[in-house]
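Chain residues, written in single-letter form:
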Amino acid sequence: TTSQLSRIINTCAGVSFYEFVNGYRVDEARKMLLDSAASEKNMLEVSLAAGFNSLSTFYTHFRKRVGMTPKKYRSQQHLEME
């Protein structure tokens, strides 16, 4: 059941179900931010494509997991790749 799955994630991963899912969403957003084919996408498009329903929620979870905003992450990674 849903509650059993949530309990297993809480126990094994040490985070809530939503934190667990949002971690995957942030990881997907990070891939998109590094993808040159997606470089024309703005942050709202990236956040929606990664599964976030709100730009503010995307920024909050991204900053929490990565330690910087998505915009700063994109620009910093592109500078390091040059």
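About the thresholds
- Residues numbered from 1 in each chain as written.
- Predicted model: local features only at pLDDT ≥ 70, side-chain atom pairs only at ≥ 80, totals over all residues.
- Heavy atoms only, no water.
- Helix = DSSP H or I, 4+ residues; strand = E, 2+ residues; numbered from the N terminus.
- Buried < 20%, exposed > 50% of the residue type's maximum accessible area, 1.4 Å probe, protein only.
- pLDDT = per-residue confidence, 0-100.
- Axes fitted to C-alpha atoms, helices over the stretch in contact; angles between N-to-C directions.
- Parallel < 35°, antiparallel > 145°, perpendicular 65-115°, else oblique.
- Contact = heavy atoms within 4.5 Å.
- Nonpolar A, V, L, I, M, F, W, Y, C, P; charged D, E, K, R; others polar.
- Phe/Tyr/Trp six-rings, centres within 6.5 Å; stacked < 30°, edge-to-face > 60°.
- Lys NZ or Arg CZ within 6 Å of the ring centre and 35° of its normal.
- Core = buried A, V, L, I, M, F, W, Y, C linked by side-chain atoms within 4.5 Å.
- Lys, Arg positive; Asp, Glu negative; His and termini not counted.
- Salt bridge = Lys/Arg side-chain N within 4 Å of Asp/Glu carboxyl O.

Chemist: Could you give an account of the environment of threonine 60, with specific residues and numbers?
Modeler: Position of threonine 60 relative to the elements: it lies in helix H4 (residues 55-66). Residue classification places threonine 60 among the partly exposed positions, given a relative accessible area of 47%. Considered as a pair, threonine 60 and proline 70 are 10 residues apart in the sequence and their alpha carbons are 9.8 Å apart.

Chemist: Describe the confidence of the model for the protein, naming the residues involved and giving the relevant values.
Modeler: On average, residues of the protein score 90 in pLDDT, and 94% of them are at 70 or above. Mean pLDDT values over the elements of the protein span from 81, in helix H5 (residues 70-81), up to 96, in H4.

Chemist: Go over the packing of helix H2 (residues 17-34) against H4 with me, naming the residues and quoting the values.
Modeler: Closest axis-to-axis distance for the H2/H4 pair is 10 Å, and the angle between their directions is 85 degrees. Relative to H4, the element H2 lies roughly perpendicular. Facing Glu19, Asn22, Gly23, Val26, Asp27, Ala29, Arg30 and Leu33 of H2, the residues of H4 in contact are Phe58, His61, Phe62, Lys64, Arg65 and Val66. When the residues that make up the contact of H2 with H4 are grouped by side-chain class, the tally is six nonpolar, three polar and five charged.

Chemist: Give me the packing of aromatic side chains: which residues, what numbers.
Modeler: One pass over the structure, following the stated rule, counts six aromatic pairs. Between the aromatic rings of phenylalanine 17 and tyrosine 18, the centroid separation amounts to 5.5 Å while the plane-to-plane angle is 80 degrees, which identifies the pairing as edge-to-face. For phenylalanine 17, a relative accessible area of 30% corresponds to the partly exposed category. Seen from their ring centres, phenylalanine 58 and tyrosine 59 are 5.9 Å apart, and the 85 degrees between their planes marks the pair as edge-to-face. Clustering of aromatic rings is evident, with ring pairs tying together Phe52, Phe58, Tyr59, Phe62 and Tyr73. The ring of phenylalanine 52 is capped by arginine 25, whose NZ or CZ atom sits 5.8 Å from the centre of that ring.

Chemist: Please give an account of the nonpolar core that cites residues and values.
Modeler: If you look at the biggest cluster of nonpolar residues, it comprises 12 residues: Val26, Ala29, Met32, Leu33, Met43, Val46, Ala50, Phe52, Phe58, Phe62, Met68 and Tyr73. Those elements giving two or more residues to this core turn out to be H2, helix H3 (43-50) and H4. Among the elements that make up this core, the one with the highest residue count is H2 (four residues).

Chemist: Describe the side chain of arginine 74, and please don't skip the residues or the numbers.
Modeler: Looking at the element boundaries, arginine 74 is found in helix H5. One buried charge, arginine 74, has no salt-bridge partner; the nearest side chain with opposite charge is glutamate 45, at 7.4 Å. Discounting residues that sit within four places of it in the chain, arginine 74 has contacts with Leu33, Ala38, Ser39, Lys41, Met43 and Val46.

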